[in-house]
Amino acid sequence: MDFRRSSSSSSSSQCSTATLVVFVALCLVGVWMMTSSTVVPVDMSATEINSEMKQQASETYSAPLEESSTEVSGEATTRDADTSVSDPTTETKSESSEEQKLLDKTAENMAEKTQEGELGKDNKDDDSTKAQAYSDENGNTEGEEMIKEGGPENAQDRSSEENPRESANGAQENTADQQTYSDENGNAEGGEMIKEGGQENSLDKSREGSSQETTDGEQEKKADQKFDETTESEQDKSSEQSSDETTDGDEKPEGGEMIKEGVQEYGQDKSSTEEPYQVTTDGEQEKKADQKVNETTDGEQNKISEQNSDEAKGDEQQKSDSNNTSEQDGKDQGQIEEKGEQNEDKEAEVKSNETITGTGNKTEDSVSSEVFPDGAQSELLNETARTQNGAWSTQAAESKKEKEVQATSKEDGTGHNWKLCNVTTGPDYIPCLDNEDAIKKLKTTKHYEHRERHCPDEAPTCLLPLPEGYKQPIEWPNSRNKIWYHNVPHTELATIKGHQNWVKVSGEYLTFPGGGTQFKHGALHYIDFIQESVPDIAWGQNSRVVLDVGCGVASFGGYLFDRDVLTMSFAPKDEHEAQVQFALERGIPAFSAVMGTKRLPFPGIVFDVIHCARCRVPWHIEGGMLLLELNRLLRPGGYFVWSATPVYQKLEEDVEIWNAMTELTKSMCWEMVNKTKDKINKVGIVTYRKPSDNECYAKRSESSPPLCQGSDDPNAAWNVPLQACMHEVPLDSAVRGSQWPQQWPQRSENPPYWLNSSQIGVYGKPAPEDFKVDFQYWKRVVSNSYLKGLGIDWPGVRNVMDMRAVYGGFAAALQEVNAWVMNIVTIDSPDTLPVIYERGLFGMYHDWCESFSTYPRSYDLLHADHLFSKTKKRCKLLPVIAEVDRILRPQGTLIVRDNAETLEEVESMAKSLNWEVRMGYSKEKEGLLCVQKTLWRPEEVEATVSSLS
């Protein structure tokens, strides 16, 4: 409709006077109607009432609104466009200023009276905006279903409405407020409201109808109010809206058609955020108006009027819906309130079962967008995304949950009263290596039995104190060269091995020059010298995974990182005080073990190279049993690098050992590839190569050492005694060990050649596909969740343990992080550790009902994927959590993925330890928990000295 300016000021004045008279009369009628007990005649339908109200309001205010609209358009054009046309609007406004002031004052009074009615409408607009924003920004199916339910109906109803008088200012304001609410609380809020759209909207409409739109008088009051709002606010906004409409192109589609368009755009590109307000509700115009102020033309005035008409139609549809509902529900407001309370209780129950909590650096508003973003909604185990009712749960739900947790704590001991361990080893206590009672009962220590694991019958549940003056560890790579003295306050090695450049004391630091007994002038020269002697070793390509026996402070493995090599270093807890602890504090992989009477906790034929530099292991005694253990671990075609005095010195003992080693390695069919002397370090190095076939075994004149029986499993390693025998080399091309792995890094991403489709993987798919799916899954989890959404300071993370690894996918996904991962395959899980080694990673077997063979405060991050729910079937969970506290550094992080019941137990124990809960997630009985250890230690100490040390 084309609105024309009024050329007669007297005509405008008469219209204004008439408007005032009618307005006052209607106000009196409206007051009488509001005080009347009977609002709507019972014999009239809501539709008829609505039609009559619209007709009366249209007849009464068509002329004033037309004049007002014309004034707005005229003023906007005159102000923004440099034209010479005079503005009759100015004259009209000046002559009727007194009437206009009186109208404004009356409108403000009526606005206060009708504020309560407008509130119901605001709530309804909020719901509509929530649904649309949820669909556009999150792309979740719940939001789309809501649009499909409400869209067509709204589209049909809104298109039938023809009331151009309502400017939808209230809807605009509420839309702006709701958009802010959605942005601040993450896009998950409102999810359940969308699902329950029918019932929720019905209640809102009932309140709206009963408080605002049931009488003709109130309808007329609202129309009059909006007329006043239009005359004042539209003048300020019309030029801005006009320029925005020009930018957007054609006029907006009406009501439900707009929602349909939003669904279509979501389907095309749900991640687009270039125009976040392009497809929302009518209230979006206010935001656009604030963003753009451009020139307008006469032609744009029509677009403004047409847009106002469209907005009014959208609001009129909301009125129609409210009237239809209010006919039934408006009769009994108490019943409506009761239903509303039932809905609130239902929402509270959902929140109690489906929650996210978070503290620390990352707030909850980043959880939905960072931890579980679009395109990565399979981060949790059932590959589901989270929807949450709102930002806050109710007090009733919180209290109920806390009572349940407290009751569970009393039953399972999660409310434990923590005490400090009273042990002789103090802060460095390792339960399975410091069990003095068990060590005293040993019949012999000839084979280093006293350095092996002897775990107590009951795992400890006490906590260890921190060393006095403990500080946050220095970050890698600086930590390779120096650590805080007070973190590992031991100086004996500096006294004994300082001249060999193992470690030195320098003020508040312990420094590591990078030397060792066999490489006093630095590990890097020594490493390069080995490759020069045997080029086929090809560090970081052919040789990726190395075992360093008797590692000392692990400088050899620490500098092999520069050659893209992972080194598993180990040494016993002996008179070389804290050597493994030094290695871990430096950020170098290591654990405490000894070559004694049992197999090392690794599968067979997994290491590319095994290294020993003055490791003090008597390889040649008792039929070469210890060297045969290395033969079990060494990959066919792999290398054993030995640097020790028997290689290059001529002392009688050294010559005797060399001769025995020569005979033993020859009988084992090991080929001596090279024997040379490093002139800089003045040491000799000999390199042996294990055979890649069985031809040599068949040609031996004596079967000594003998071949192992076919029933002997080379992969069985947990508490299995050593045997003086050799396993044959696999020859079948489809069997592991018959071929050398791919070069790094290809081997980390591709399934091993010996995984075939006839094998069923851990997750039920053919093994190669299982491998790939697992890898892709963990890449998504790490990149989309762990690295972005948990508030972890990744530059400070160096030592990582996957406490229940499967294929090593989590470790492989962390390759871009400057950290190493110790992959643990538990003894009650499928034996996938060979797969982990085949892809160029490392790990070991372990039983988490026992203590791990490492020093306290060794790891920056522990990752437990469905570990605790499985472990608690075999042993109590409390000692396992105590062990987690022992090996995790202060400020370290524990990430748990498990069922909801187990997560509640772990979270309760973590809180009892005064750990900080960074994030908690649960849905459909599965969830994720991220907690951070603090510096807190209990003050109470165990009453008596523990017999464990």
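An unreviewed UniProt entry lists the protein chain under the name Methyltransferase PMT26, with Musa balbisiana as the source organism. Quoted straight from UniProt, the Sequence similarities (unreviewed entry) entry for the protein chain says "Belongs to the methyltransferase superfamily."

Caption draft 1: Main features of the overall build of the protein chain. Of regular secondary structure, the protein chain possesses 32 helices and 18 strands. For the protein chain, buried positions account for 57% of its 949 residues. Across the protein chain, contacts joining residues at least 24 apart in sequence account for 75% of those joining residues at least 6 apart. A total accessible area of about 40,600 Å² is found for the protein chain, and carbon and sulfur atoms account for 47% of it.

Caption draft 2: Seen up close, the sheet that holds strand β2 (residues 482-484). In spatial order, the strands read β2-β4-β3; together these three strands make up an open sheet with antiparallel pairing. The two strands at the open ends of the sheet, each matched to only one other strand, are β2 and β3 (504-506). The mean angle between the axes of side-by-side strands here comes to 30°, regardless of whether they run parallel or antiparallel. One ladder, built from three bridges, connects β2 with strand β4 (residues 509-511); its direction is antiparallel.

Caption draft 3: Spatial organisation of the nonpolar core. Of all hydrophobic cores here, the largest spans 124 residues; its most connected members are Trp619, Phe640 and Trp642. Ranked by residues supplied to this core, first place goes to helix α31 (residues 877-887) with seven residues. Core analysis: the next-biggest nonpolar cluster, separate from the first, contains 19 residues, Phe519, Ala523, Val609 and Val641 among them.

Caption draft 4: Representation of the confidence of the model for the protein chain within the structure. Residues at a pLDDT of 70 or more form 58% of the protein chain, whose mean pLDDT is 73. Of the regions scoring below 50 in pLDDT, residues 1-10 engages in 15 contacts with residues more than four places distant in sequence or in other chains. Note that pLDDT drops below 50 for residues 37-99; the model gives that stretch 100 contacts with residues more than four away or on any other chain.

Caption draft 5: Quick peek at the packing of α31 against helix α32 (residues 900-912). In contact at an axis separation of 11 Å, α31 and α32 are set at 55° when each is read in the N-to-C sense. When the interaxial angle is binned, α31 and α32 end up oblique. Handedness of the crossing formed by α31 with α32: right-handed. Of α32, the residues touching α31 (which contributes Leu877, Leu878 and Ile881) are Glu905, Val906 and Met909.

Caption draft 6: Molecular detail of a positive patch on the surface. There is a patch of like positive charges on the surface, built from Lys520, Arg614, Lys677 and Lys682. With respect to the element layout, Lys520 can be found in the loop between β4 and α19 (523-533).

Caption draft 7: Region of interest: the pattern of salt bridges. All told, the structure shown has 23 salt bridges when counted by the stated rule. Ionic pairing is found between Lys699 and Glu695, a salt bridge with its closest N-O pair at 2.9 Å. You can see Lys699 and its partner Glu695 sitting in helix α25 (residues 695-699), four residues apart, about one turn around the helix. Using a relative accessible area of 63% as the deciding quantity, one classes Lys699 as exposed. Residues joined by salt bridges that share partners form a network here, namely Asp608, Arg635, Arg747 and Glu838.

Caption draft 8: View of the pairing of strand β17 (residues 916-923). Within β17, seven of the eight residues are buried, which leaves it mostly tucked inside the rest of the structure. Where β17 and strand β18 (residues 926-932) come together, seven bridges link them in antiparallel fashion. By the bridge assignment, Met919 is partnered in β18 with Cys930. What sits between the antiparallel neighbours β17 and β18 is a turn of two residues, in which Glu924 has the positive phi angle 50°.

Caption draft 9: Representation of the state of the cysteines in the model. Enumeration according to the criterion identifies six disulfides in this entry. Across the disulfide from Cys708 sits Cys725; the S-S distance is 1.9 Å. The S-S bond linking Cys708 to Cys725 shows a torsion near 90°; that makes this disulfide right-handed. Of this pair, Cys708 sits in the loop between α25 and α26 (746-749) while Cys725 sits in the loop between α25 and α26, placing them 17 residues apart in sequence. Overall, the relative accessible area of 13% leaves Cys708 in the buried class. What makes Cys725 buried here is its relative accessible area of 10%. Each disulfide pairs two cysteine sulfurs, and for Cys849 the partner residue is Cys875, the sulfurs being separated by 2.1 Å.

Each value, and the rule that gives it
- Residues numbered from 1 in each chain as written.
- Predicted model: local features only at pLDDT ≥ 70, side-chain atom pairs only at ≥ 80, totals over all residues.
- Heavy atoms only, no water.
- UniProt positions renumbered as here; feature names shortened; annotations may be inferred.
- Helix = DSSP H or I, 4+ residues; strand = E, 2+ residues; numbered from the N terminus.
- Buried < 20%, exposed > 50% of the residue type's maximum accessible area, 1.4 Å probe, protein only.
- Contact = heavy atoms within 4.5 Å.
- Areas by Shrake-Rupley, 256 points an atom, 1.4 Å probe, with all protein chains shown as cover.
- Pairing = 2+ DSSP bridges.
- Axes fitted to C-alpha atoms, helices over the stretch in contact; angles between N-to-C directions.
- Core = buried A, V, L, I, M, F, W, Y, C linked by side-chain atoms within 4.5 Å.
- pLDDT = per-residue confidence, 0-100.
- Parallel < 35°, antiparallel > 145°, perpendicular 65-115°, else oblique.
- Left-handed = near helix turned anticlockwise from the far one by under 90°.
- Patch = residues over 30% accessible without salt bridge, like charges linked within 9 Å, V, L, I, M, F, W, Y side chains within 5 Å.
- Salt bridge = Lys/Arg side-chain N within 4 Å of Asp/Glu carboxyl O.
- Lys, Arg positive; Asp, Glu negative; His and termini not counted.
- Charge placed at Lys NZ, Arg CZ, Asp CG, Glu CD.
- Disulfide = S-S within 2.5 Å.

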